[in-house]
Amino acid sequence: MIKALFRKQFAELISQFNRRGGAKGKRRSTSSVATFLLLFALVFVSLGVSFFVFFKQILGAFDESNYEIYYMIVGLIATAIGLMGSVFNAYSTIYEAKDNEMLLSMPIPPSRILFVRVTALSAMTLLYESAVLLPAFIAFCMGARVSVAGLVTAFFLVIPLTLLVVALTVGIAFVVAAIARRVKNKRAITLVASVLLVVLFYVLYFRAQNAAMALVELGTVPSAIRYGLFFFYQMGTASTGSAFGMGVVLLTGILAYALAYFLLSKYFLRFVTQRRTVSAKGKVGVVKVGGRRQALFKRDWRLYSSSPNYIMNTSFGVIFSVVIGVVAIVQSKALLDARAMLTEALPHLSGTGFAAVIAIFTCVMNDITAPSISMEGKRLWVIRSLPVPAAEVFCAKIALHLVVSLPGTLFETIAISVIFGAADVVGAILAVVAVVAFTLFTACFGLCMNVRRPVLDWRDETMAVKTGFSVFISIFGIMMLSFVLMGLYFVAALVFPDWVYLAVLIVAIFFADYGMLHWLRTKGVARFDKLG
C-alpha cells in the first residue's frame, strides 16, 4: 500500500513536467521535457554558483579554531531557504489536497497517507536546501583544513537539518489548520497567517544575516548564541568532526520530526473531515446589474482573493514594492548619498531611470496571469460554456494583474523618483509610463505562456501556481530580462540622460505588448478553444 501511495504521489509531481496542458493530459515531447529540465538546471546552477561565491568569501575569515561559525551561518541560511520554499506548500498539500476524501474513503490508514505526503514535502525541502548546502559543502572542502571525519559529518548534516525544517514547516501548517478550524473564513485566516509568516521570515532573515556578519567579524561564538542557537552551534561543531555535535543535531532532528508527525497523525482526520456550515440567511437589497467585462473581472477577482496559495505565490512583488517605497521615504538621506556616489561614476544619471529599473525588478515577483488559466482547473468548461469571447476572458485576467500589481509598483516608482531624481520631471513621468508598460508586459507574457502550457488536472492549488512550464518561464524569463534592462541602464547612463533610456525602453516594451496582445486575440483564442 505504501508503495502504491508513493507511486501516486511522485507520479503526480513528475507528470507536471512531462505532460502538456489540457484536461486530457497528453505527454510532452522529449525535446520539450529536456528543454524544461535544462532551464531548471540552469537556474539551479546559477543560484548554486552565487551561494558558492558567497560562502567562499566568508570562509576566508575563519581558521581551524572557529570553523563552527561557518556552518552555523550555512545552517541558518539553509533553514531560511527551506522554510520559504516549503512552508506555503505544507498546508495545501496536507490539509487541502483534492484527493483527501477519496483516499480516506478507502481502507488506507490515515497515518500512511500522512507519511507519504510528509515524505514528498521532505523531498521538496531537500531540493530547496541543496541549493545552499551543496555549494557550502564544496566551498568547505576546497578551503577548510579539517579532518576526513569533519568532511563526512559536514556532508551528512543535510539529514538532521532537513528533518528539523520539515518539522517546523509541518508545525506551522498544523497551527494554521488549528486556527482555521475554529473560524468561518478559513481562507482568510490562512492568508493572514501567510502574510505574517512572510513578514516574520524577512525580519528574522535580515537580523540573522546581520548577526552572522557580526560573528564573522568577532571570530568567536558568545555563550548567549551558543545556547540560543544550540542546534546550529552543535551543527557547526559537527562539521569539525565532533561526534557529540553530530549526535545532538541528529537526535534533535529526529525528535522534532517525530513530534510533528505525531501531532499530524492525531489531528489530521479531525481537521480534514470537519463539516462546513453555510448560513441560510441571504442579503436583501437591490440587485446591481453589471457589464460582461465587469462580471468576468469579478469572477477572476473571487478566484484570486479566495485562494491564499494563489495570492502568496504570485503577488510577492506587491509586498516588496510597498516596503521598498516606504524604506525609500524613511531612508531618503541614504538614497541621496547613494545618488551622489553614482553620479560620480555615471555623469548622466538623474535617478528616474534607476527608480524605473528597481520597480521593474519587483514586477518580476508578480506573476498573477502565469497560472490564471491553470487555476480554472477542471472548471474550465464553465467559462468556455458561457457566451463570452475568449479575448474578453483574457482581458479580465490581464486587468486583474494590473489592478493588483500597479498601485504598489507606482507608489515605489514615484517615491524613489521624487527622492532620487526630483529635478527630472520629464524622466519621472517617463519612469511611471515605463513601469506601467512593463507591468502590462509581465501580465501579457504570463498569460501567453499559460495559454500555451496550462496545468488543468491539478490535485491541489500548489501544483497550479508553483509548477508547470508557464510559471517557471514567466518568473525566471522576466527576471533575466530585468537584469538585462538594469545592466543596459547603467551602460546608457554613461552617455545619455535617463529620459532617453526611458523613452527607448517605453517604445520597445509597448511594441512587445502589442505583439503579445495580437497573439492572444488570434492564436491564443484558437488554443484556448481547444483546451479541455
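Criteria and cut-off values
Residues numbered from 1 in each chain as written. Predicted model: local features only at pLDDT ≥ 70, side-chain atom pairs only at ≥ 80, totals over all residues. Heavy atoms only, no water. Helix = DSSP H or I, 4+ residues; strand = E, 2+ residues; numbered from the N terminus. Buried < 20%, exposed > 50% of the residue type's maximum accessible area, 1.4 Å probe, protein only. Contact = heavy atoms within 4.5 Å. Areas by Shrake-Rupley, 256 points an atom, 1.4 Å probe, with all protein chains shown as cover. Salt bridge = Lys/Arg side-chain N within 4 Å of Asp/Glu carboxyl O. Phe/Tyr/Trp six-rings, centres within 6.5 Å; stacked < 30°, edge-to-face > 60°. Patch = residues over 30% accessible without salt bridge, like charges linked within 9 Å, V, L, I, M, F, W, Y side chains within 5 Å. Lys, Arg positive; Asp, Glu negative; His and termini not counted. Charge placed at Lys NZ, Arg CZ, Asp CG, Glu CD. Expected span 1.5 Å × (residues − 1). Polar contact = N/O pair within 3.5 Å; in protein donor to acceptor, adjacent residues only side chain to side chain. Core = buried A, V, L, I, M, F, W, Y, C linked by side-chain atoms within 4.5 Å. Axes fitted to C-alpha atoms, helices over the stretch in contact; angles between N-to-C directions. Parallel < 35°, antiparallel > 145°, perpendicular 65-115°, else oblique. Left-handed = near helix turned anticlockwise from the far one by under 90°. Nonpolar A, V, L, I, M, F, W, Y, C, P; charged D, E, K, R; others polar. Arc of directions from axis to C-beta.

When its secondary structure is counted, the chain shows 22 helices and zero strands. The proportion of buried residues among the 532 residues of the chain is 48%. Considering only intrachain contacts with a sequence separation of at least 6, the fraction spanning at least 24 residues in the chain is 85%. For the chain, the exposed surface amounts to about 25,700 Å²; the carbon and sulfur share of it is 71%.

Let us look at the pattern of salt bridges. In total, this model carries four salt bridges according to the counting rule given. Glu-392 serves as the salt-bridge partner of Arg-293, at 3.9 Å between the closest nitrogen and oxygen. In this pair, Arg-293 sits in helix H12 (residues 292–305) while Glu-392 sits in helix H18 (residues 390–421), placing the two residues 99 residues apart along the sequence. Under the relative-accessibility criterion, Arg-293 is labelled exposed at 61%. For Glu-392, a relative accessible area of 11% gives the class buried. The partner of Lys-397 in a salt bridge is Asp-300, with the nearest N and O atoms 2.8 Å apart. Residue Lys-397 is found in helix H18, and its partner Asp-300 is found in helix H12; the two are separated by 97 residues along the sequence.

In this structure, Asp-424 sits in the loop between H18 and helix H19 (425–452). Residue class for Asp-424 comes out buried when judged on its relative accessible area of 15%. Between the C-alpha atom of Asp-424 and that of Ser-350, which follows or precedes it by 74 residues, the distance is 6.6 Å. With sequence-adjacent residues up to four places away left out, Asp-424 is seen in contact with Ser-350, Thr-352 and Asp-498.

Within the structure shown, the criterion is met by 19 aromatic pairs. One aromatic cluster is present, formed by Phe-51, Phe-54, Phe-55, Tyr-70, Tyr-71 and Phe-140 through successive ring pairs.

So, about a positive patch on the surface. Taken together, the side chains of Arg-452, Lys-523, Arg-527 and Lys-530 define a basic patch exposed on the protein surface. At three residues, the largest contribution of residues to the positive patch is made by helix H22 (residues 498–530). Along the chain, Lys-523 falls in helix H22. Under the relative-accessibility criterion, Lys-523 is labelled exposed at 57%.

Moving on, we get to H19. Since one α-helical turn is 3.6 residues long, residues separated by three or four positions face the same way. In this model, H19 (28 residues) spans 41 Å end to end at C-alpha, consistent with the 40 Å of a helix rising 1.5 Å per residue. In terms of residue burial, H19 counts as a mostly covered element, since 20 of its 28 residues are buried.

Attention now goes to the side chain of Thr-442. Tracing the chain through its elements places Thr-442 in helix H19. Looking at Thr-442, the relative accessible area reads 3%, which means it is buried. Among the polar contacts listed, one links the side chain of Thr-442 to the backbone oxygen of Thr-439, at a separation of 2.6 Å.

This part is about the nonpolar core. Among the nonpolar cores identified, the biggest contains 62 residues, and Ile-373, Phe-394, Phe-438, Tyr-501, Leu-520 and Phe-528 are the most heavily contacted of them. For this core, the secondary structure elements donating two or more residues are helix H16 (352–363), helix H17 (380–385), H18, H19, helix H21 (469–492) and H22. Looking at this core element by element, the count peaks at 15 residues for H19. When sequence neighbours within four positions are dropped, the list of residues in contact with Tyr-501 reads Val-357, Leu-485, Leu-488, Tyr-489 and Ala-492. Counting 34 residues, the second-largest nonpolar core is a separate cluster that includes Ile-58, Ile-77, Ala-136 and Phe-231.

You can see Cys-141 is positioned in helix H5 (residues 110–143). Taking the relative accessible area as the measure of exposure, Cys-141 reaches 35% and is therefore partly exposed. Residues Cys-141 and Phe-155, 14 residues apart in the sequence, show an inter-C-alpha distance of 9.8 Å.

On the surface, a cluster of nonpolar side chains totalling about 620 Å² of accessible area is made up of Val-148, Val-152, Phe-155, Phe-156, Ile-159, Leu-250 and Ile-254. Within the residue set of the nonpolar patch, elements represented by two or more residues are helix H6 (148–156) and helix H11 (243–272). When residues in the nonpolar patch are grouped by element, the largest group, four residues, is from H6. Here Val-148 shows up in helix H6.

As a packed pair, H19 and H21 sit with axes 9 Å apart at the nearest point and diverge in direction by 150 degrees. With respect to H21, the element H19 is oriented roughly antiparallel. Viewed along their axes, H19 and H21 form a crossing whose handedness is right-handed. Residues Phe-438, Phe-441, Thr-442, Phe-445, Gly-446, Met-449 and Asn-450 of H19 form the contact with H21, whose participating residues are Ser-470, Ile-473, Ser-474, Ile-478, Leu-481 and Leu-485. Within the contact of H19 with H21, the residues separate by chemical class into eight nonpolar, five polar and no charged.

For H12, which comprises 14 residues, the first-to-last C-alpha distance of 20 Å matches the rise-based estimate of 20 Å (1.5 Å per residue) to within 8%. All of the buried residues in H12 are Leu-296, Arg-299, Asp-300, Leu-303 and Tyr-304. Along the long axis of H12, the arc covered by the buried residues comes to 135 degrees, so they all point the same way.

That is the geometry; function is a separate question.
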